[in-house]
Amino acid sequence: MPHQPEGVSRKGALFYQKDSVGVVPKRKAAKRVRKEEEALRDPRWQQLAQVLVEHSTRVQPGDKVLIEATDVPEEFLCVLVEQVVQAGGVPLVETRSSRVLRTLQRHATEEQLQLLAEVEKFRMEKMQCYIGVRGTLNSAQMSDVPMEKVEMVQRLWWKPVHSEVRVPRTRWVVLRWPNDSMAQQANMSTEAFEDYYFRVCTIDYGRMEQAVQPLVEWMSQTDRVRLVGPGTDLTFSIRGIPVVPCYGLRNIPDGECFTAPVRDSVEGVITFNVPSLYHGKTFENIRLVFREGKIVEAACNLTDELNAILDFDEGARYVGEFSLGFHPLILHPMRDTLFDE
């Protein structure tokens, strides 16, 4: 008889495995392990996966679904894959590391980014759905990527893959994954933040879809908008611009109704009392002055970096969106755009 590993014996063609309760058939032991793993899963993960698959992307039988996950627990990805399969979809998964992405971007070359874009664009063109889950463990991870590298990444990699293919041609949704870093940004304990996160992200978006309709009608009939507050007196027109309600189809969490100003109509000054985190840097006390729709003055704690962003292309100094947010559970800023906006 060939040597058997410790704890395993052979009886005919059936393997047996020893555990704390005695010797059990291997198939039964594996089934027990699966049940134990399922019992350890956070039940809120299943609820979130259902929102992403059934509501946000509305996966249909035969849909190819790309799941891109950065610093996200494997256990949740397993739940998400199972949910896609249950809906009849074909899941593809790519796991990423924010530390590796930082290193790639710091040393990026045009040749490298063009090759990445070519490969990922080919893949994205075959997808019907996209779910992006980002759980960066350090919110400042990308803070030392030079701005010229950030510009290259946006222009050569992000734009051809996401702006030109994913956004217009797939049913997509993006979200952050809760972790210690996000809890710290929100000035909350990790446990309290996780409770808050899952309540916010799994709200009844179907009900929200119905509740927003009167706001859509009101904004569609509006011409002039004036925003007044400390350091703010801004006017513009939204006449004739389409109004789009948001209820969990693209971002999680969600809850807003947006349109856009007539390009040259924005006049005045606006001062933001909420900090904004962008590529690992926190911009605070942003003050923008508009004339004929264009930002002619911009200042904050990182004025040079802010103006470099606004000089990215010809349209960056013009406003592309105006919205009213109404998620009933998001009441305080936490330095995360998907929540704060």
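Predicted, not measured: the structure shown is a model, and the values here were computed from it.

In terms of nonpolar packing, the biggest core is built from 61 residues, with Leu48, Phe76 and Ile131 touching the most fellow members. For Phe76, the residues in contact, after removing those within four places along its chain, are Trp45, Leu48, Ala49, Leu52 and Trp177. With 17 residues, the next largest nonpolar core counts Met152, Leu156, Val174 and Leu338 among its residues.

Let us now look at the pairing of strand β16 (residues 287–291). Here strand β13 (residues 267–271) runs beside β16; their pairing, made up of 4 bridges, is antiparallel. Each bridged residue has a counterpart across the sheet, and for Gly268 the counterpart in β16 is Phe290. Two elements, β16 and strand β17 (residues 294–299), share 5 bridges in a ladder whose sense is antiparallel. Among the inter-strand pairings, Val289 is bridged to a residue of β17, identified as Glu297.

Before going further, it helps to spend a moment on the packing of helix α5 (residues 110–124) against helix α6 (residues 147–169). With their axes 9 Å apart at the nearest point, α5 and α6 run at an angle of 10 degrees to one another. With respect to their mutual orientation, α5 and α6 come out roughly parallel. Note on element contacts: α6 touches α5 through Met152, Val153, Arg155, Leu156, Trp157, Pro160, Val161, His162, Val165 and Arg166, opposite Glu110, Leu113, Gln114, Leu116, Ala117, Glu120, Lys121 and Met124.

Here we come to the sheet that holds β17. Read across the open sheet, the 5 strands follow the order β8-β9-β13-β16-β17; overall the sheet is antiparallel. Pairing within the sheet leaves two strands with one partner each, and these edge strands are β8 (224–229) and β17. Taken over all neighbouring pairs, the strand axes of this sheet differ in orientation by 20 degrees on average, direction set aside.

About the cut-offs
- Residues numbered from 1 in each chain as written.
- Predicted model: local features only at pLDDT ≥ 70, side-chain atom pairs only at ≥ 80, totals over all residues.
- Heavy atoms only, no water.
- Core = buried A, V, L, I, M, F, W, Y, C linked by side-chain atoms within 4.5 Å.
- Buried < 20%, exposed > 50% of the residue type's maximum accessible area, 1.4 Å probe, protein only.
- Contact = heavy atoms within 4.5 Å.
- Pairing = 2+ DSSP bridges.
- Helix = DSSP H or I, 4+ residues; strand = E, 2+ residues; numbered from the N terminus.
- Axes fitted to C-alpha atoms, helices over the stretch in contact; angles between N-to-C directions.
- Parallel < 35°, antiparallel > 145°, perpendicular 65-115°, else oblique.

Remember, this is a structural readout, not a statement about activity or role.
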